[in-house]
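Listed here are the chains, written in short residue letters.
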Amino acid sequence: QVQMVESGGGLVQAGGSLRLSCAASGRTFSGNAMGWFRQQPGKEREFVAAIINTVGWTYYSDSVKGRFTISRDNAKNTMYLQMNSLKPEDTAVYYCAARRSVDYSRLAEANEYDYWGQGTQVTVSS
């Protein structure tokens, strides 16, 4: 059974940094796309970043580009999201996700991902 567990969320002041981790178990995702999404109360889940390690390719939403960095450690089957220069509007529950198949299309679409973590809360105070 595949499990994905996020950690690293918390409360931080605006301008601060946090590093989220997503540990996967049950299968490896070295060739699959993985990503981070976030969701604010009353809003749809929003794409944050995606990564395909085998081709050294990363993709970010415009709202986080230049501030967030997505990475993976395939040996640990773990994905990370380094978040710098955090803003109050980054406050949300952050989810990690992975695809079952090796498909690199529509990476920003949440319904294209098959496995999800339970989410970790990130709160940025002003």
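Anything mentioned here points back to the structure above.
Just so you know, these numbers come straight off a predicted model, no measurement behind them.

So, how was this worked out
- Residues numbered from 1 in each chain as written.
- Predicted model: local features only at pLDDT ≥ 70, side-chain atom pairs only at ≥ 80, totals over all residues.
- Heavy atoms only, no water.
- Helix = DSSP H or I, 4+ residues; strand = E, 2+ residues; numbered from the N terminus.
- Rg over C-alpha atoms; globule rule 2.2 N^0.38 Å.
- Buried < 20%, exposed > 50% of the residue type's maximum accessible area, 1.4 Å probe, protein only.
- Pairing = 2+ DSSP bridges.
- Axes fitted to C-alpha atoms, helices over the stretch in contact; angles between N-to-C directions.
- Salt bridge = Lys/Arg side-chain N within 4 Å of Asp/Glu carboxyl O.
- Disulfide = S-S within 2.5 Å.
- Core = buried A, V, L, I, M, F, W, Y, C linked by side-chain atoms within 4.5 Å.
- Contact = heavy atoms within 4.5 Å.
- Phe/Tyr/Trp six-rings, centres within 6.5 Å; stacked < 30°, edge-to-face > 60°.

### Some points on the overall build of the protein chain
Moving on, step 1. The helix and strand tally for the protein chain stands at 0 helices and 11 strands.
Moving on, step 2. Secondary structure elements in the protein chain, listed N-terminal to C-terminal, are β-β-β-β-β-β-β-β-β-β-β.
Moving on, step 3. Taking 2.2 N^0.38 as the reference for a compact globule, 126 residues should give roughly 14 Å; the C-alpha atoms of the protein chain span a radius of gyration of 13 Å, in line with that estimate.
Moving on, step 4. When its C-alpha atoms are laid out on the principal axes, the protein chain stretches across 40 × 30 × 25 Å.
Moving on, step 5. Taking all 126 residues of the protein chain together, 44% fall into the buried category.

### Considering the sheet that holds strand β1 (residues 3-7)
Moving on, step 1. Sheet architecture is open: 4 strands sit in the order β1-β3-β8-β7, paired in antiparallel fashion. Because the sheet does not close on itself, it has two edges, and the strands there are β1 and β7 (68-73). Direction aside, neighbouring strands of the sheet carry axes that sit 15° apart on average.
Moving on, step 2. The pairing of β7 with strand β8 (residues 78-83) spans 6 bridges and is antiparallel. Looking at β8, one finds that F68 is bridged to M83.

### Structural notes on the pattern of salt bridges
Moving on, step 1. Under the counting rule described, the total for this entry stands at 7 salt bridges.
Moving on, step 2. D90 is the salt-bridge partner of R67, the closest N and O atoms lying 2.7 Å from each other. Here R67 is found in the loop between β6 (57-60) and β7, whereas its partner D90 is found in the loop between β8 and β9 (92-98), with 23 residues between them in sequence. As far as burial versus exposure is concerned, R67 and D90 are alike and both buried.
Moving on, step 3. Among the salt bridges present, the one from D103 reaches R99, with a minimum N-O distance of 3.8 Å.
Moving on, step 4. Among the charged side chains, a salt-bridge network with shared partners connects R38, E46, R67 and D90.

### Thoughts on the state of the cysteines
Moving on, step 1. If you walk through the whole model with that rule in mind, you get 1 disulfide.
Moving on, step 2. The side chain of C22 participates in a disulfide bridge whose partner is C96; the two sulfur atoms lie 2.1 Å from each other. Between C22 and C96, the S-S torsion sits near 60°, and that sign places the bridge as right-handed. Of the two residues, C22 sits in strand β3 (residues 18-25) while C96 sits in strand β9, which places them 74 residues apart along the sequence.

### A short note on the nonpolar core
Moving on, step 1. In this structure, W36, L81, M83 and Y94 are the most contacted members of the largest nonpolar core, which totals 27 residues.
Moving on, step 2. Each residue touching L81, except ones within four places of it in the same chain, is listed here: L18, R19, L20, W36, V48, A49, F68, T69, I70 and Y94.
Moving on, step 3. In terms of nonpolar packing, the next biggest core, distinct from the first, is built from 8 residues, A50, A97, L107 and Y113 among them.

### Regarding the packing of aromatic side chains
Moving on, step 1. If you walk through the whole model with that rule in mind, you get 8 aromatic pairs.
Moving on, step 2. Ring plane angle 55° and centroid distance 5.2 Å describe the contact between F37 and W116, whose orientation is recorded as tilted. Residue F37 is located in strand β4 (residues 34-39), and its partner W116 is located in strand β10 (residues 115-116); the two are separated by 79 residues in the primary sequence.
Moving on, step 3. Given a relative accessible area of 0%, F37 falls into the buried group.

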